[in-house]
Amino acid sequence: MIVRQLFYDAKFFFVLLFLSIALIFLDNLGLLNPPKGLVQTVTTPIQYGLYKSSRAVTNQFEFAILARRASQENKALTEQLALVLSENANLRRSLAEAEGFLEQKKTLDPVEFNLVAARPIGKNRFLIIDKGGESNIKKGQAVVYKDNYLGKIHEVSTKKSLVLLSSDPESKVSSFVNNKAGKGKGILIGEYGSQMFLDKILHQEPIEKDDLVYTEGTEEQIPRGLILGRVAVVLERDNQVFKQAKVSPVFDIDNLDILFVVTN
Amino acid sequence: MRLFIVLLVLSAFIQSAFLPINLCLILIISRSFVEERSSNLIASFLAGIFLGLLTATNIGFWAIIFLAASKIIHIFKSLPLTQSPKLVAPLSLLVIVGVSLIEQIFLGQKINIVKIIIETLLTVPVYIFIRFWEERFIVHSTNKLKIRN
């Protein structure tokens, strides 16, 4: 029975195989094109519908995947941008510091003055800098930028110092004005805000608007000839012994990236 | 058998429309492992012709391939060494690799290892499903009811 079944199966197999080979030859000769065309008129629209549906589904999945990828790329790019901006800020600060060093070297000779570079790290009434006693900074030392006097050290801790700005009401610096007509001396006193007040100028001493005000150098730790500001208004009254003048700073202290403490 | 033919037709449509996996071959291999009847040969022959029509290849090409695959599985099953169901995957792999080689020679398609692996792995669940279906839901003429006196 099994042998007969096997024989039947083999016979069946070879018949179908022969049919297949015959179909191959007939198809090669093009004799099956009419029936194929007929069948394909039915099957092609179904295939097209399936294909379109599959594309629609695939597009939806692709959109979801692309959206996810775009989100990830966006996140990575945002992080990279933050890094680049941070690096850029560091480079700009380094450049500003380097320029500051260069200018300072031109202005105050490092052979004569020991300068300690410091960064401003905060400002309330006093300007806070990032150098302190560790860097040999002491109370009363002058703080400068280029040839401008900014103030003097008011308090010192290990790694920080407070700078009493020349615009502070507690600040008093002996100063002078030098113009074509001659020289006038006085005391520069800070006022609340950024303005300063030049007092104790004798009536006969010449002083005009826009004259530069310099340090006299009579204080122990303040070098002579540093710029304190520019005369904004001259206040002159006949019934008073001394003349006075309002003095404005030459530049905005908030824009400074670096400043220097004169330690000798 | 009718359900199997419907499955083959559906598979032929799917694989010719968008899925680059030979679903018809997987079905034929799996059923050949389950059943050793001449109906398999007829199904293989018809599926081959239909796939030839859908994929615009020679109409007898897939018929010969499927017939040969079905017959080879029958031969494997008749050997004592290869009767175990555990050998479904390795034997399927042999047949699928053979079909891929023939495709490369006659249709100029490159052998895709991933496709071969996927098709081989798919034969196992399809085999289990067909076996379950044939054993539970198909009544064969050889199954006789015993009538007690």
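The residue numbering used here restarts from 1 in each chain and proceeds along that chain's sequence as written. To read the labels, note that chains go from A and ligands from 1, taken in the order they are written. For this predicted model, a pLDDT threshold of at least 70 governs which residues receive local features, and a threshold of 80 or more governs which side-chain atom pairs are given and counted, while totals over whole chains, interfaces and linings are taken from all residues. Note that the side-chain values use all heavy atoms of the structure and ignore hydrogens as well as water.

Student: Is there a simple way to think about the packing of helix 5 (residues 88-107) of chain B against helix 6 (residues 113-137) of chain B in this case?
Tutor: A packed helix pair is summarised by two numbers, namely the angle formed by the two axes and the spacing between the axes. Residues and elements named next belong to chain B. One way to put it is that helix 5 packs onto helix 6 with a least axis distance of 9 Å and a crossing angle of 135 degrees. By the criterion of interaxial angle, the relationship of helix 5 to helix 6 is oblique. For the element pair helix 5 and helix 6, the recorded crossing hand is right-handed. Listed contacts from helix 6 to Val88, Ala89, Ser92, Leu93, Ile96, Val97, Ser100 and Glu103 of helix 5 are Lys115, Ile116, Glu119, Thr120, Thr123, Val124 and Tyr127. Classification used: nonpolar for Ala, Val, Leu, Ile, Met, Phe, Trp, Tyr, Cys and Pro, charged for Asp, Glu, Lys and Arg, polar for all others including Gly. Residues of the contact of helix 5 with helix 6, tallied by class, amount to 8 nonpolar, 4 polar and 3 charged. Fitting a line to C-alpha atoms yields each axis, with helices limited to the stretch in contact; the angle taken between N-to-C directions then spans 0 to 180 degrees. Runs of E in the DSSP output that reach at least two residues are strands. Runs of H or I that reach at least four are helices, and both are numbered from the N terminus. Under this scheme an angle from 65 to 115 degrees is roughly perpendicular, one under 35 degrees roughly parallel, and one over 145 degrees roughly antiparallel; angles in between are oblique. Rotating anticlockwise by less than a right angle from the far helix to the near helix defines a left-handed crossing, while the corresponding clockwise rotation defines a right-handed one. Working rule for contacts: check all heavy atoms of both residues, and any pair within 4.5 Å makes them a contact.

Student: How do you make sense of the interface of chain B and chain A when you look at a structure like this?
Tutor: Accessible area lost upon the coming together of the parts serves often as the stated size of an interface. The interface of chain B with chain A comprises 24 residues on the first partner and 24 residues on the second. Within this document, salt bridges are pairs made up of a side-chain nitrogen of Lys or Arg and a carboxyl oxygen of Asp or Glu, the two lying within 4 Å of each other. The interface formed by chain B and chain A contains 0 salt bridges. Each polar contact in these results corresponds to two N or O atoms within 3.5 Å; when the atoms are within protein, one needs to be able to donate a hydrogen and the other to accept it, and residues that are neighboring in sequence are counted only if both atoms are side-chain atoms. Where chain B packs against chain A, one counts 6 residue pairs in polar contact (both at pLDDT 80 or more). Put simply, the parts of the chain that give the side of chain B that touches chain A at least two residues each are helix 1 (2-17), helix 3 (38-55) and helix 4 (61-78) of chain B. Ranked by the residues each element gives to the side of chain B that touches chain A, the list is headed by helix 3 of chain B, at 8 residues. For the side of chain B that touches chain A, the per-class residue count stands at 17 nonpolar, 5 polar and 2 charged.

Student: Is there a simple way to explain the pattern of salt bridges in this structure?
Tutor: Side chains carrying opposite charge are able to pair once their charged atoms draw close together. One pass over the full model with this rule turns up 9 salt bridges over all chains. Between Glu97(A) and Arg119(A) there is a salt bridge; the shortest N-O distance is 2.4 Å. In this pair, Glu97(A) is assigned in helix 2 (residues 33-107) and Arg119(A) in the loop between strand 1 (115-118) and strand 2 (120-123), connecting sequence segments 22 residues apart. Buried residues are those whose accessible area, probed at 1.4 Å on protein chains only, stays under 20% of the maximum for their type, while exposed residues exceed 50% and partly exposed ones sit between those limits. We classify Arg119(A) as partly exposed; its relative accessible area is 31%. The partner of Arg31(B) in a salt bridge is Glu134(B), with the nearest N and O atoms 3.2 Å apart.

Student: Hey, could you run me through the nonpolar core in this one?
Tutor: Nonpolar side chains in soluble globular proteins generally cluster together in the buried interior. With 37 residues, the main nonpolar core has Ile129(A), Leu198(A) and Leu259(A) as its most contacted residues. Ignoring any residue separated from it by four or fewer positions in sequence, one finds Leu259(A) in contact with Val116(A), Ala117(A), Ala118(A), Pro120(A), Leu127(A), Ile129(A), Val143(A), Val144(A), Tyr145(A) and Leu150(A). Residues belong to one nonpolar core when they are buried, are Ala, Val, Leu, Ile, Met, Phe, Trp, Tyr or Cys, and are joined through side-chain atoms within 4.5 Å. Core analysis: the next-biggest nonpolar cluster, separate from the first, contains 35 residues, Cys24(B), Ile26(B), Ile65(B) and Ile116(B) among them.

Student: Help me understand the packing of aromatic side chains in this model?
Tutor: Each aromatic ring pair is summarised here by two numbers: the centre-to-centre distance and the angle between the ring planes. Residues and elements named next belong to chain B. To pair, rings of Phe, Tyr and Trp, with the six-membered ring standing in for Trp, must have centres within 6.5 Å; the planes then decide the type, stacked if under 30 degrees apart, edge-to-face if over 60, and tilted in the middle. The final tally for this structure, using the stated rule, is 10 aromatic pairs over all chains. Here the aromatic rings of Phe132 and Phe137 are separated by 6.0 Å at their centres, their planes lie at 75 degrees, and the arrangement is edge-to-face. The interplanar angle of 50 degrees and the centroid separation of 4.8 Å between the aromatic rings of Trp133 and Phe137 together place this pair among those described as tilted. A residue pair is termed a helical-turn pair when its members lie 3 or 4 positions apart in one helix, as Trp133 and Phe137 do in helix 6 at 4 residues.

Student: Help me out: how do you make sense of the packing of helix 2 (residues 23-34) of chain B against helix 6 of chain B in this one?
Tutor: Residues and elements named next belong to chain B. Orientation of helix 2 relative to helix 6, taken along the N-to-C sense of each, is 50 degrees, at an axis distance of 8 Å. As the angle between them shows, helix 2 and helix 6 are arranged oblique. At the point where helix 2 passes helix 6, the crossing takes the right-handed sense. Contact with helix 2, carried on its side by Ile26, Leu27, Ile29, Ser30, Arg31, Phe33 and Val34, involves Glu119, Leu122, Thr123, Val126, Tyr127, Ile130, Arg131 and Glu134 of helix 6 and no other residues of that element. Each residue belonging to the contact of helix 2 with helix 6 can be placed in one class, and the counts come to 9 nonpolar, 2 polar and 4 charged.

Student: Can you help me understand a nonpolar patch on the surface in this one?
Tutor: Residue and element names in this part refer to chain B. Taken together, the side chains of Leu93, Val97, Leu101, Ile102, Ile105, Phe106, Leu107, Ile111, Ile113, Ile117 and Leu121 present a nonpolar region at the surface, about 970 Å² in accessible area. Of all the secondary-structure elements, those providing two or more residues to the nonpolar patch are helix 5 and helix 6. Tallying contributions element by element places helix 5 first for the nonpolar patch, with 7 residues. Of note, Ile105 is situated in helix 5. The class of Ile105 is exposed, set by a relative accessible area of 62%. Only residues whose relative accessible area exceeds 30% and that form no salt bridge enter a patch; like-charged residues are grouped when within 9 Å of one another, and nonpolar side chains (Val, Leu, Ile, Met, Phe, Trp, Tyr) when within 5 Å. The method behind every accessible area is Shrake-Rupley, applied with a 1.4 Å probe, and residues are considered shielded solely by the protein chains displayed.

Student: Which parts of the structure should I look at to understand the pairing of strand 11 (residues 227-235) of chain A?
Tutor: The two faces of a sheet get side chains in turn, since along a regular strand they alternate between them. All names here are of chain A. What makes two strands pair is DSSP finding at least two bridges between them. By the bridge criterion, 3 bridges tie strand 10 (residues 212-215) to strand 11 in an arrangement that is antiparallel. Note that in strand 11 the partner of Leu212 across the bridge is Arg230. Sheet topology note: the strand 11/strand 12 (residues 242-248) ladder contains 5 bridges and is antiparallel. Residue pairing for strand 12: Arg230 is matched across the bridge by Ser248.

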